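Fold and contact review
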Amino acid sequence: MDDDVLLTAGVIDRVAVMESPYAFLDELRSELGFLHLWEVPDDASPTGKAAFWAFGYEIDFTEENGRNRVNLSPRHMFGEVYHPPKLSDIPDEMVEIWRGLQKAVKSAHAKARFSHILFELKVADKREQCLAAIDAYFDSALGWASLVDSAMDLGAALRLSRAIGENGKRAEALNKLLDIADNVLKVEEPLAGVVYRALSYAITDPDCPDRIDELLETASNSWPDANRNDHAFEFMLQRKPSEEKRAEIWSRRVESHLAEAERESSPIVRSVRRERALELADKSGYPTLRNVAAVALQSVRNEQLDFMHFSAATSLFREEWEQLRDSFISDESWQKSLISFGCAGPLTGDFEVNRKFVSESNAQHPLASLFPVHVTGPDGLPVFKTSTSEEKFEYDLVQRELQFLRMNITPLIDAWMVIPQRFGMPSSAELSDFLGNFPGIPREVIRPLIRSMQRSWCGDDEGASYALMPRIEMQVRRLVIEADAGVYRLQREESPGQFPGLGSLIGTLVKYYDIDESRRRFLNAIFCYPGGMNMRNLMLHGFYSGDNEVAAPLLIHTVLMLGLLQKKTMPDE
């Protein structure tokens, strides 16, 4: 066997003692001398590159034509470029290296990964490769510090067992998954994520043991809030119960949310909880249940909501995601968390780094950099067109910035929701006293901001985002006025009855306040640039088709960020 393969296998086994797949890959990256999956030099050692790429795939659970599958998918995708490359694009030379590493490694995590890869590539005896992967996944699941990682390995073993008809190993995987959920549910404060992750893998199998029903019943009463208990009811419905049992489950789901609403003291929070109950009642298809929820909702004044949806996703290791999330808030208090939340970012990345990336990309792909871009609006009419190389560069730069935003937005949303979970929801009076100290939040913005924060924390992200969007323009306008910027007065005098646009106000804001180019571009990409998110125009003209779960925390972050701005010291004119 090649000496380089043996040496690399030794490195892999040495770092296999790490407590999680993320820590393993990070340590392997360091040992092999790489920076990122997307920055592997072309002249790197083929064996080192093969080892690094092998563990860069994520275990992907999918459903195709009614069949549950498990695949290894590239962890990162930028346009049509995958890092690591898709397995179907891997050259034969690297496949041979993987075969050698599979034989040389001893650690369970490594055995599982190389065997799974070779099974997907249909190398040698496909069934034997699959059996080796299943056994290694069983062993690997025992070694992780987090039961979430253990459940993922068992979920992979379960689906691979079903793929080759290994019913004995399939039953073993199912029971191990249910054991994880059972053991966690017995502790005083069970972790919902671990319980539902384990059950989610088991429940999709048509031969899932009946003991899962007892676990779901326990889970439906294990937490003080309706949202966490509600996942158990969802899983109960997946079990295809009788019509009588189905009606009972739906009734319990709705009543759980109504009961939680009654425990709330705030009318806003109470109405949001009741609206969630009505949404579930509608979904149930039972008119009587819907009437009960509708009567409860009508007992308080509430706006009519019409939810719109947009999905944003990223693929990060759990530890990476938690580190990024926790960097947006504080462990000390909700006050410091709000300050940290406002200071987060810039969420669209560093301007100079992004500019350099686009410049280098254009140099490598000069033809693509010349193609013009045509942007149409939601109504199908043209909105924007790049006519010059400068306009095309600006468009590409904004798209790069939005890539960074998409990577940051999910941890940002979770960080926002963690604040009331970690410190309790602050009262309106406490928020008013605290936010009143922000130099850049006008008095007339504080109350709408507080209500939007409360709405978002309680699930009404649409109400929060639409209530807050006009206040951002009001906030920027007030900051410009307080800076005594004559350009604002001049525009008002020249165009009576009209207001200067948000884009021009932001340009003036940069002149008088300590806001750097990266944060100016964040505001531009989010609110103003027609080839960006363009949230201001789309929302206020009724065309926004995005998910308000994304919009609300993003807008709240923006208000807090602007609220922390300080005036520049201007020279005497």
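Here's a quick rundown of the structure.

Conventions we followed
- Residues numbered from 1 in each chain as written.
- Predicted model: local features only at pLDDT ≥ 70, side-chain atom pairs only at ≥ 80, totals over all residues.
- Heavy atoms only, no water.
- Core = buried A, V, L, I, M, F, W, Y, C linked by side-chain atoms within 4.5 Å.
- Buried < 20%, exposed > 50% of the residue type's maximum accessible area, 1.4 Å probe, protein only.
- Helix = DSSP H or I, 4+ residues; strand = E, 2+ residues; numbered from the N terminus.
- Contact = heavy atoms within 4.5 Å.
- Axes fitted to C-alpha atoms, helices over the stretch in contact; angles between N-to-C directions.
- Parallel < 35°, antiparallel > 145°, perpendicular 65-115°, else oblique.
- Left-handed = near helix turned anticlockwise from the far one by under 90°.
- Nonpolar A, V, L, I, M, F, W, Y, C, P; charged D, E, K, R; others polar.
- 1 Å grid on protein atoms, 1.4 Å probe; cavity = no way out; pocket = protein on both sides within 12 Å on 5 of 7 lines; lining within 4 Å.
- Points joined across faces, edges and corners; volume = space filled by probe spheres on them.
- Salt bridge = Lys/Arg side-chain N within 4 Å of Asp/Glu carboxyl O.
- Pairing = 2+ DSSP bridges.
- Disulfide = S-S within 2.5 Å.

**Comments concerning the nonpolar core**
Nonpolar side chains tend toward joint burial in soluble globular proteins. With 99 residues, the main nonpolar core has Ile12, Phe55, Trp98, Leu101, Phe114, Tyr196 and Leu199 as its most contacted residues. Take this core: its biggest share by element is nine residues, from helix H9 (residues 192-203). Among residues more than four places away in sequence, those in contact with Tyr196 are Ala219, Trp223, Arg228, Asn229, His231, Ala232 and Phe235. Membership of the second largest hydrophobic core comes to 66 residues, among which are Met453, Leu505, Val510 and Met535.

**Notes on the environment of Glu214**
On the secondary structure map, Glu214 appears in helix H10 (residues 211-219). Once the C-alpha coordinates of Glu214 and Asp182 are considered, the two residues, 32 residues apart in sequence, prove to be 9.4 Å apart.

**Focus on the packing of helix H5 (residues 108-120) against helix H6 (residues 126-141)**
Their axes nearest at 8 Å, the elements H5 and H6 cross at an angle of 150°. One finds that H5 runs roughly antiparallel with respect to H6. Here H5 runs over H6; the crossing is left-handed. Facing Ala108, His109, Lys111, Ala112, Ser115, His116, Leu118 and Phe119 of H5, the residues of H6 in contact are Lys126, Gln129, Cys130, Ala132, Ala133, Ala136, Tyr137, Asp139 and Ser140. Broken down by class, the residue content of the contact of H5 with H6 amounts to nine nonpolar, five polar and three charged.

**Side note on the layout of surface pockets**
Over the atoms, a rolling probe the size of a water molecule traces out where space has been left empty. The computed volume of the second largest pocket comes to approximately 1600 Å³. Forming the walls of the second largest pocket are 41 residues, and the residues nearest its centre are Trp38, Phe78, His83, Phe357 and Arg400. Contributing elements (two or more residues each) for the lining of the second largest pocket: helix H2 (21-32), strand E3 (76-78), strand E4 (81-83), helix H15 (318-327), helix H17 (351-364) and helix H18 (389-423).

**Considering the environment of Arg443**
Relative to the helices and strands, Arg443 is located in helix H20 (residues 443-457). Judged by its relative accessible area of 73%, Arg443 is exposed.

**Here's the deal with the pattern of salt bridges**
Under the counting rule described, the total for this entry stands at 37 salt bridges. With its nearest N and O atoms 2.9 Å apart, the salt bridge here joins Asp179 to Arg211. Highlighted residues: Asp179 in helix H8 (residues 167-185) and Arg211 in helix H10, separated in sequence by 32 residues. Note that Asp182 is salt-bridged to Arg211, the shortest N-O span being 3.8 Å.

**Things to note about the pairing of strand E1 (residues 57-64)**
Of the strand pairs in this sheet, E1 and strand E2 (residues 67-74) are connected by eight bridges, and their pairing is antiparallel. By the bridge assignment, Tyr57 is partnered in E2 with Pro74.

**Points about empty space enclosed by the protein**
For the structure on display, the rule yields one cavity of 30 Å³ or more. Considering only enclosed or pocket space, the largest cavity measures out at about 40 Å³ in volume. Around the largest cavity sit Asn68, Leu158, Arg159, Arg162, Thr204, Asp205 and Pro206, which together line it. When residues in the lining of the largest cavity are grouped by element, the largest group, three residues, is from helix H7 (residues 147-163). Among the residues making up the lining of the largest cavity, the classes are represented as two nonpolar, two polar and three charged.

**Focus on the state of the cysteines**
For the structure shown, the criterion picks out zero disulfides. For the unlinked cysteine Cys208, the closest cysteine sulfur is that of Cys130, found at 20 Å. Classification of Cys208 as buried rests on a relative accessible area of 6%.

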